[in-house]
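Structural characterization, general
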Amino acid sequence: MALQILSKIGYKNIAALVRKEHQIEVAISLATDVIFVNELGVQNKPLNKQKFDFVLDTVGGEIASVLIPQISYGGCMSMCGNAGGIKLTSTVLPFILRGINLLGIDSVNVPIKDRGYIWEKIANEWNISQTTLISEISLEELPQTIEAIKNGHHSGRTIIKY
Ligand SMILES: NC(=O)c1ccc[n+]([C@@H]2O[C@H](COP(=O)([O-])OP(=O)(O)OC[C@H]3O[C@@H](n4cnc5c(N)ncnc54)[C@H](OP(=O)(O)O)[C@@H]3O)[C@@H](O)[C@H]2O)c1
């Protein structure tokens, strides 16, 4: 969704981070560059080559930790997820020498007024329904889809026809 919104509102030079072959096709349709997770490198220096102005992190853990030293001078990273772990390792150097910012995103306790603002944008200005991967299944097909989710082969949104 982040890629879809950024692409829709006109951002260029978007790099999408993927870790599975089947994600490349979707990523390439929305981003200018596709990076495989194993190309990110390891976190072996407090400051690394400056590659990204803004990082939208949904994973946390090691991925987020590797990316912090690669954020360009004056850049930012937003964090909303912990799918890859809750631990974050960093030094203060990217913050005090490059002036980067880390923005925490919560979607659980957001006041209804702010939710309304975002939902309105998603429904209208950022309308991304044209590029959203949507499939419909019957209730009987649900176990197969759940299995695909569990095995990491599922993409997009699946609607159950009832
Ligand atoms: N801040 C909040 O208030 C809030 C509220 C709800 C959810 N969350 C968090 O927001 C994140 C995104 O939610 P979602 O519903 O979009 O989750 P999701 O559909 O499960 O997506 C998680 C993403 O993280 C990737 N991922 C998982 N483990 C990884 C690892 N070890 N290394 C690299 N990538 C990994 C997955 O990659 P693959 O597609 O390759 O499997 C997938 O793209 C989750 O971490 C969730 O816990 C936060």
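Remarks on the overall build of the chain
Helix and strand content of the chain: six helices and seven strands. Secondary structure of the chain in N-to-C order comes out as α-β-α-β-β-α-β-α-β-α-β-α-β. Residue burial in the chain is summarised as follows: out of 162 residues, 25% are buried. Once local pairs closer than 6 in sequence are excluded, the contacts in the chain between residues at least 24 apart make up 43%. Put simply, the chain shows about 11200 Å² of open surface, and 57% of that area lies on carbon and sulfur atoms. When the 15 positive and 15 negative side-chain charges of the chain are each reduced to one mean point, those points stand 6 Å apart.

Quick notes on the domain arrangement of the chain
When the parts of a complex come together, some accessible area is lost, and that lost area is often taken as the interface size. Along its sequence, the chain is organised into domain 1 (2-131) and domain 2 (133-162). Centre-to-centre separation of domain 1 and domain 2, based on C-alpha positions: 26 Å. With four residues of domain 1 at the contact, the number on the domain 2 side is five residues. Both faces combined, the contact of domain 1 with domain 2 buries some 330 Å², and carbon together with sulfur accounts for 48% of it. In terms of surface lost to domain 2, no three residues of domain 1 exceed Lys20, His22 and Val26, which account for 73% of the buried area on that side.

Overview of the environment of Lys161
Summarising the element assignment, Lys161 is placed in strand β7 (residues 157-161). Linking Lys161 and Ser138, residues 23 residues apart in sequence, is a C-alpha distance of 5.1 Å. Apart from residues lying up to four places away in sequence, Lys161 is in contact with Glu136, Ile137, Ser138 and Leu139.

As for the site of the ligand
In the vicinity of the ligand lie 15 residues, with Arg19, Lys20, Cys80, Ile105 and Ser107 positioned nearest. At 2.8 Å from an oxygen atom of the ligand is found a side-chain nitrogen or oxygen belonging to Arg19. One nitrogen or oxygen atom from the main chain of Thr58 is found 3.2 Å from an oxygen atom belonging to the ligand. For the ligand, whose unbound accessible area comes to 920 Å², protein coverage reaches 52%. Broken down by class, the residue content of the shell around the ligand amounts to six nonpolar, six polar and three charged.

Considering the pattern of salt bridges
Inspection of the entire model under this criterion finds three salt bridges. Between Lys113 and Asp114 there is a salt bridge; the shortest N-O distance is 3.7 Å. Here Asp114 falls in the partly exposed class, since its relative accessible area comes to 36%. Salt-bridge contacts for Lys121 lead to Glu125; the nearest nitrogen and oxygen are separated by 2.9 Å.

Details of the environment of Val92
The topology assignment puts Val92 in the loop between β4 (71-79) and α4 (93-98). Of the residues examined, Val92 reaches a relative accessible area of 54% and is grouped as exposed. With 18 residues separating them along the chain, Val92 and Gly74 place their C-alpha atoms 14 Å apart.

Considering the sheet that holds strand β3 (residues 52-57)
The three strands are arranged β3-β4-β5 in an open sheet whose pairing can be described as parallel. Each end of this open sheet is capped by a strand with a single partner; those strands are β3 and β5 (101-104). With direction set aside, neighbouring strand axes in the sheet form an average angle of 10°. When β3 meets β4, the two strands line up parallel, connected through five bridges. The residue of β4 that forms the bridge with Leu56 is Ser78.

What counts and how
Residues numbered from 1 in each chain as written. Predicted model: local features only at pLDDT ≥ 70, side-chain atom pairs only at ≥ 80, totals over all residues. Heavy atoms only, no water. Helix = DSSP H or I, 4+ residues; strand = E, 2+ residues; numbered from the N terminus. Buried < 20%, exposed > 50% of the residue type's maximum accessible area, 1.4 Å probe, protein only. Contact = heavy atoms within 4.5 Å. Areas by Shrake-Rupley, 256 points an atom, 1.4 Å probe, with all protein chains shown as cover. Lys, Arg positive; Asp, Glu negative; His and termini not counted. Charge placed at Lys NZ, Arg CZ, Asp CG, Glu CD. Domains from an automatic or database assignment. Buried area = accessible area lost by both parts, 1.4 Å probe. Near = heavy atom within 4 Å. Polar contact = N/O pair within 3.5 Å; in protein donor to acceptor, adjacent residues only side chain to side chain. Nonpolar A, V, L, I, M, F, W, Y, C, P; charged D, E, K, R; others polar. Salt bridge = Lys/Arg side-chain N within 4 Å of Asp/Glu carboxyl O. Pairing = 2+ DSSP bridges. Axes fitted to C-alpha atoms, helices over the stretch in contact; angles between N-to-C directions.

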